[in-house]
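# Residue-level structure breakdown
Listed below are the residues making up each chain.
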Amino acid sequence: MPRPLEALVHLDALQHNLTRARACAPDAQVWAVVKANAYGHGLVRAFEGLRAADGFALLDIAEARKLRELDWRGPILLLEGVFDARDLESCSRLGLWHVVHCEQQIDWLAQHKTEWPHRVFLKMNTGMNRLGFTPQAFRNAWLRLSALPQVDEVSFITHFSDADSDKGIAQQADIFLTHTADLSGERSLCNSAATLRHAHDPKVRGDWVRPGVMLYGASPDYPEHDAAHWQLRPAMTLRSRLIGLQHLQAGDTVGYGSRFTAEQAMRIGVVACGYADGYPRHAPTGTPVLVDGQRTRIVGRVSMDMVTVDLSALPQAQIGTEVTLWGQGPHGSLLSIDEVALHAGTIGYELMCALSQRVPVLTVGDDHGAHGTAPAFAP
Ligand SMILES: *Cc1c(COP(=O)(O)O)cnc(C)c1O
């Protein structure tokens, strides 16, 4: 029998979450952001669940090629644009749209030989200060691009630094909209947080929204709002089983560094999942976990292949009992990846992206599948 750890990717949850993004941005087109191997879900798998999107946005030409091999004929956007002049040949061949965020990328385009002019998204740096032209340099970049025979249509894009918090997007949105006001072309502003919190404003919504993490069922502004608040469903479940039990006496300790000491006699369970699987090593005692769908906590240090859990309130738990590290558990239970992440001092994004290679992944649910019907663990 293989080690009893597996991840599930729920296609019905991906479909549902995409529908949520559409509902938040009516009339806008939706880029499904599938960078980082679809936030750890697997590009091919995520594509199955998200094929109703209007386009796919990612970073790597190799991933774009994979989507074309899956027969995706619609738009694909390279969010960071090309990394050298030769990438433009792949863009021409694969029909990729690409962001243009610096003068160098315009120089490369100007020297590119192609029969197929490119659709580009000119990026404005409105305050994030990572990629993009300053508002002052933007018009000149637009003039240069528009004059190139290699360029077909120019659209406009910016990225918010604070869409998930009180600081908000007003200032950045204002800069972007003001400096593109007299330019004709499509606009894209919103990531997940902005799609959920701000896309009710048609100006902010623009022509394309770019949700990522919400499609995978995590909340971009947790703990202010959880995924349930936004009506999102977890698209990834990480589950395993108890492979060992220990009876502790008061004063006994658990695991490396003896970081947990039993205050009274108690039973603990050993779960086949550790940091080599992508479970965060920094998750402290108290991080929630589901055992047979019931909430309890991890105790002691997370080790490479194992984590230990408190079974005090779970007398029926035994070797083989199902454990949900995050996602959809048995009996309709749920454990938010955002909540686990918060305990570990990180965000749901990082946990899903860090799912390790050695964890087998199963795709479950489809167009017709009922919600929340993860198959039972193989016996
Ligand atoms: C990653 C990314 C997104 C999606 O962000 P989420 O917070 O996951 O929704 C949108 N736009 C750009 C430019 C990105 O790099």
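Residues numbered from 1 in each chain as written. Predicted model: local features only at pLDDT ≥ 70, side-chain atom pairs only at ≥ 80, totals over all residues. Heavy atoms only, no water.

This next bit is on the overall build of the protein chain. Counting secondary structure elements, the protein chain contains twelve helices and 19 strands. Scaling as 2.2 N^0.38, a compact globule of 379 residues should have a C-alpha radius of gyration of about 21 Å, and the protein chain matches this with 23 Å. Projected onto its principal axes, the C-alpha positions of the protein chain cover 75 × 40 × 35 Å. Looking at the protein chain as a whole, 55% of its 379 residues are labelled buried. In the protein chain, of all internal contacts separated by at least 6 residues, the share reaching a separation of at least 24 is 65%. Total accessible area on the protein chain stands at roughly 16,600 Å², and carbon and sulfur atoms take up 51% of it. (Helix = DSSP H or I, 4+ residues; strand = E, 2+ residues; numbered from the N terminus. Rg over C-alpha atoms; globule rule 2.2 N^0.38 Å. Buried < 20%, exposed > 50% of the residue type's maximum accessible area, 1.4 Å probe, protein only. Contact = heavy atoms within 4.5 Å. Areas by Shrake-Rupley, 256 points an atom, 1.4 Å probe, with all protein chains shown as cover.)

Time to look at the site of the ligand. Taken together, the neighbourhood of the ligand is formed by Val33, Lys35, Tyr39, Leu79, His159, Asn191, Ser192, Arg210, Pro211, Gly212, Val213 and Tyr349. The side chain of Tyr39 places a nitrogen or oxygen atom 2.5 Å from an oxygen atom of the ligand. Within the backbone of Val213, a nitrogen or oxygen atom sits 2.8 Å from an oxygen atom of the ligand. When isolated, the ligand has an accessible area of 390 Å², and the protein chains bury 92% of it. For the shell around the ligand, the class distribution of residues is six nonpolar, four polar and two charged. (Near = heavy atom within 4 Å. Polar contact = N/O pair within 3.5 Å; in protein donor to acceptor, adjacent residues only side chain to side chain. Nonpolar A, V, L, I, M, F, W, Y, C, P; charged D, E, K, R; others polar.)

A few words now on helix H1 (residues 11-24). Relative to the 20 Å expected for 14 residues at 1.5 Å per residue, H1 spans 20 Å between its end C-alpha atoms, a close match to the ideal helical length. Most of H1 is tucked away, with ten of its 14 residues classed as buried. Where H1 is buried, its residues contact strand S1 (6-10), strand S2 (29-33), helix H3 (43-50), helix H9 (192-198), strand S17 (322-328) and strand S19 (361-364). (Expected span 1.5 Å × (residues − 1).)

Within this structure's numbering, the places UniProt gives as "modified residue: N6-(pyridoxal phosphate)lysine" (unreviewed entry) are Lys35. Tracing the chain through its elements places Lys35 in helix H2 (residues 35-39). Not counting the four nearest positions on each side in its chain, Lys35 is found in contact with Ala57, Leu58, Leu59, Glu63 and Leu79. (UniProt positions renumbered as here; feature names shortened; annotations may be inferred.)

A few words on the domain arrangement of the protein chain. In terms of domain boundaries, the protein chain breaks down into domain 1 (11-216) and domain 2 (236-372). Here domain 1 and domain 2 have C-alpha centroids that lie 36 Å from each other. (Domains from an automatic or database assignment.)

What follows covers unusual backbone geometry. Each neighbour pair has its own omega, and for Tyr222 with Pro223 the value is 5°, a cis peptide bond. Position of Pro223 relative to the elements: it lies in the loop between strand S9 (208-209) and strand S10 (236-248). Despite not being glycine, Asp71 shows a phi value in the positive range, around 75°. If you trace the backbone, Asp71 turns up in the loop between helix H4 (61-69) and strand S4 (76-78). You will see that Asp292, though not glycine, has its phi angle at about 50°, which is positive. Locating Asp292 in the fold gives a position in the loop between strand S14 (288-291) and strand S15 (294-299). Given the relative accessible area of 27%, Asp292 is considered partly exposed.

Inspection of the entire model under this criterion finds 18 salt bridges. Its salt-bridge partner being Glu103, residue Arg144 comes within 2.7 Å of it at the nearest N-O pair. A residue pair is termed long-range when its members are at least 10 positions apart, and Arg144 in helix H7 (residues 135-146) and Glu103 in helix H6 (residues 103-111) qualify at 41 residues. Take Arg144: its relative accessible area is 29%, and that puts it in the partly exposed class. In this structure, Glu322 and Arg239 form a salt bridge, with 3.6 Å as the shortest nitrogen-oxygen distance. With Glu322 in strand S17 and Arg239 in strand S10, this pair connects stretches of sequence that are 83 residues apart. (Salt bridge = Lys/Arg side-chain N within 4 Å of Asp/Glu carboxyl O.)

We now examine the environment of Tyr349. Tracing the backbone shows Tyr349 in helix H12 (residues 348-353). Owing to a relative accessible area of 30%, Tyr349 belongs among the partly exposed residues under this scheme.

A word on the packing of aromatic side chains. Using the criterion set out here, one finds twelve aromatic pairs in the structure. Ring geometry for Trp31 versus Trp97: centroids 5.7 Å apart, planes at 85°, classification edge-to-face. Of this pair, Trp31 sits in strand S2 while Trp97 is found in strand S5 (residues 97-100), placing the two residues 66 residues apart along the sequence. Judged on exposure class, the residue Trp31 and its partner Trp97 are both buried. Between Phe47 and Phe56 the ring centres are 5.4 Å apart and the planes differ by 55°, which places this aromatic pair in the tilted class. Comparing Phe47 with Phe56, the two get one shared label, buried. Here the guanidinium or amino end of Arg119 rests over the ring plane of Trp97, the centre of that ring lying 4.1 Å away. (Phe/Tyr/Trp six-rings, centres within 6.5 Å; stacked < 30°, edge-to-face > 60°. Lys NZ or Arg CZ within 6 Å of the ring centre and 35° of its normal.)

Turning our attention to the packing of H7 against helix H8 (residues 170-180). For the pair H7 and H8, interaxial distance at closest approach is 10 Å and the crossing angle is 35°. In this structure, H7 crosses over H8, and the sense of that crossing is right-handed. Residues Pro135, Phe138 and Arg139 of H7 lie in contact with H8, whose contacting residues are Ile175, His179 and Thr180. Its residues assigned to classes, the contact of H7 with H8 shows three nonpolar, two polar and one charged. (Axes fitted to C-alpha atoms, helices over the stretch in contact; angles between N-to-C directions. Left-handed = near helix turned anticlockwise from the far one by under 90°.)

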